[in-house]
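Each chain is listed here by its residues.
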Amino acid sequence: MNSTPPRALLPAGLRSPGRWAVLPAAVLAGAVLGGGYGALKAPEYAATSYVIVVPAEKSDPASVVGFAQAYGRVATDIAVTGDAQVWAGVTADTLRKNVQAATSPDAPMISITARSAKPSQAVSMADGVARALVLDSSHVAGNTGVKVVQFSRATKPLTPVSPSAPLSALVGGCAGGLLGGLVLLVRPKRAAARDGARHSRQATAPTASVPAPAVAAHQPEAV
């Protein structure tokens, strides 16, 4: 009973030992690049401040959730037009890029998260935007029927939120291994397609016919 060798089950491109060197090389390159990026990139810190929307006198308490959603959408705009950039000591563009506001669908609370390379600056940015929301709401409380109050001030972060060098190296190695595997899977298919096209052209090429040798006519000998 004949048995097919395991190597015969693999494509011709994958049976070549040299092609498998692509995978460890890709993993190593990805790990080196990821670790270098994590080591050279400055650490980033995040600080979060919380504010809550409360109803004013003789206003509908059910409307505070909707106003909290509205204030969350325009938090950075209100901060830029107010004095948040002065309190935080940063530019308006920095506030827009590094401050995010998040709301809850069932609670009138807004979380304001600021990111910066300096922990103290992240705290100043988050509290500055929260303070701007509080002041702006107090100016229009007569029209909206709600106001924003400070719920919790930001605390100084102790550890960065950006990925460390080992984690970046791990992610880079995984990405490199994935790309190396894709290369191993794609290249044999392309080589097989080229070989098939070459064989097809050779099979369809016209072959020149070789003429048969002429047979000499037999002439009777003279007597």
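Up top you'll find the structure we're talking about.
Residues numbered from 1 in each chain as written. Predicted model: local features only at pLDDT ≥ 70, side-chain atom pairs only at ≥ 80, totals over all residues. Heavy atoms only, no water.

A. Quick look at the overall build of the protein. Along the protein, the regular secondary structure elements total eight helices and four strands. Along the protein, from the amino end to the carboxyl end, the secondary structure elements read α-β-α-α-α-α-β-β-α-α-β-α. When the 223 residues of the protein are sorted by exposure, 27% land in the buried category. Partitioning the intrachain contacts of the protein with sequence separation of at least 6 by distance along the chain shows that 77% fall at a separation of at least 24. Roughly 14800 Å² of accessible area belongs to the protein as shown, and the carbon and sulfur atoms make up 62% of that amount. (Helix = DSSP H or I, 4+ residues; strand = E, 2+ residues; numbered from the N terminus. Buried < 20%, exposed > 50% of the residue type's maximum accessible area, 1.4 Å probe, protein only. Contact = heavy atoms within 4.5 Å. Areas by Shrake-Rupley, 256 points an atom, 1.4 Å probe, with all protein chains shown as cover.)

B. Representation of the side chain of Ser111. Mapped onto the elements, Ser111 comes out in strand S3 (residues 109-116). For Ser111, the residues in contact, after removing those within four places along its chain, are Thr48, Ser49, Tyr50, Gln100, Ala101 and Ala102.

C. Structural context of the environment of Lys147. Mapped onto the fold, Lys147 is located in strand S4 (residues 146-152). Residue class for Lys147 comes out partly exposed when judged on its relative accessible area of 39%. Put simply, Lys147 and Asp136 are eleven residues apart on the chain and 8.7 Å apart in space, counted from C-alpha to C-alpha. When residues no more than four places from it in sequence are discounted, the contact partners of Lys147 are Ile52, Val53, Val54 and Ser137.

D. Up close: the environment of Val51. Along the polypeptide, Val51 turns up in strand S1 (residues 45-55). Separated by 99 residues in sequence, Val51 and Gln150 place their C-alpha atoms 4.6 Å apart. In contact with Val51, not counting residues within four places along its chain, are Pro108, Met109, Ile110, Ile112, Ala130, Leu133, Val148, Val149, Gln150 and Phe151.

E. The arrangement of the pairing of S1 in detail. Note that S1 and S3 share eight bridges and pair antiparallel. Bridge assignment links Thr48 to a residue of S3, and that residue is Thr113. In terms of strand pairing, S1 meets S4 through six bridges, oriented antiparallel. Along S4, the bridge assignment pairs Val54 with Lys147. (Pairing = 2+ DSSP bridges.)

F. Seen up close, the side chain of Ser137. In this structure, Ser137 sits in helix H6 (residues 119-139). Given the relative accessible area of 0%, Ser137 is considered buried. At 2.9 Å, the side chain of Ser137 and the backbone oxygen of Val134 are in polar contact. Once you skip the residues sitting within four places of it in the chain, Ser137 turns out to touch Tyr71, Val146, Lys147 and Val148. (Polar contact = N/O pair within 3.5 Å; in protein donor to acceptor, adjacent residues only side chain to side chain.)

G. Region of the structure containing the sheet that holds S3. Taken in spatial order, the four strands line up as S2-S3-S1-S4 in an open sheet, and their pairing is antiparallel. Unpaired on one side and paired on the other, strand S2 (99-103) and S4 mark the two borders of the sheet. On average, adjacent strands in this sheet sit at an angle of 25° to one another, irrespective of strand direction. Along the sheet, helix H2 (residues 64-73) contacts S1, S2, S3 and S4; its crossing angle with S1, the most-contacted strand, is approximately 145°. (Axes fitted to C-alpha atoms, helices over the stretch in contact; angles between N-to-C directions.)

H. Inspection of the packing of aromatic side chains at higher detail. Inspection of every chain in the model, using the stated rule, returns zero aromatic pairs. Across the ring face of Trp87, the terminal group of Arg131 is positioned such that the distance to the ring centre comes to 4.0 Å. (Phe/Tyr/Trp six-rings, centres within 6.5 Å; stacked < 30°, edge-to-face > 60°. Lys NZ or Arg CZ within 6 Å of the ring centre and 35° of its normal.)

I. View of the nonpolar core. Ranked by internal contacts, the top residues of the largest apolar core, which has 30 residues, are Leu95, Ile112 and Leu133. For this core, the secondary-structure elements that each account for two or more residues are S1, H2, helix H3 (75-81), helix H4 (84-88), helix H5 (92-98), S3, H6 and S4. For this core, the element with the most residues is H6, which contributes eight residues. When residues no more than four places from it in sequence are discounted, the contact partners of Leu95 are Thr76, Val80, Ala84, Gln85, Val90, Met125 and Val129. (Core = buried A, V, L, I, M, F, W, Y, C linked by side-chain atoms within 4.5 Å.)

J. The arrangement of the pattern of salt bridges in detail. For the structure shown, the criterion picks out three salt bridges. For the salt bridge of Asp93 with Lys97, the shortest nitrogen-to-oxygen distance reads 3.2 Å. With Asp93 and Lys97 both in helix H5, this residue pair falls four residues apart, about one helical turn. By relative accessible area, Lys97 is classed as exposed at 62%. Between Arg153 and Asp127 there is a salt bridge, with the nearest N and O atoms lying 3.5 Å from each other. Placement of Arg153 in the loop between S4 and helix H8 (165-204) and of Asp127 in helix H6 is noted, with a sequence separation of 26 residues between them. The class for Arg153 is exposed, based on a relative accessible area of 57%. Asp127 gets classed as buried once you look at its relative accessible area, which sits at 10%. (Salt bridge = Lys/Arg side-chain N within 4 Å of Asp/Glu carboxyl O.)

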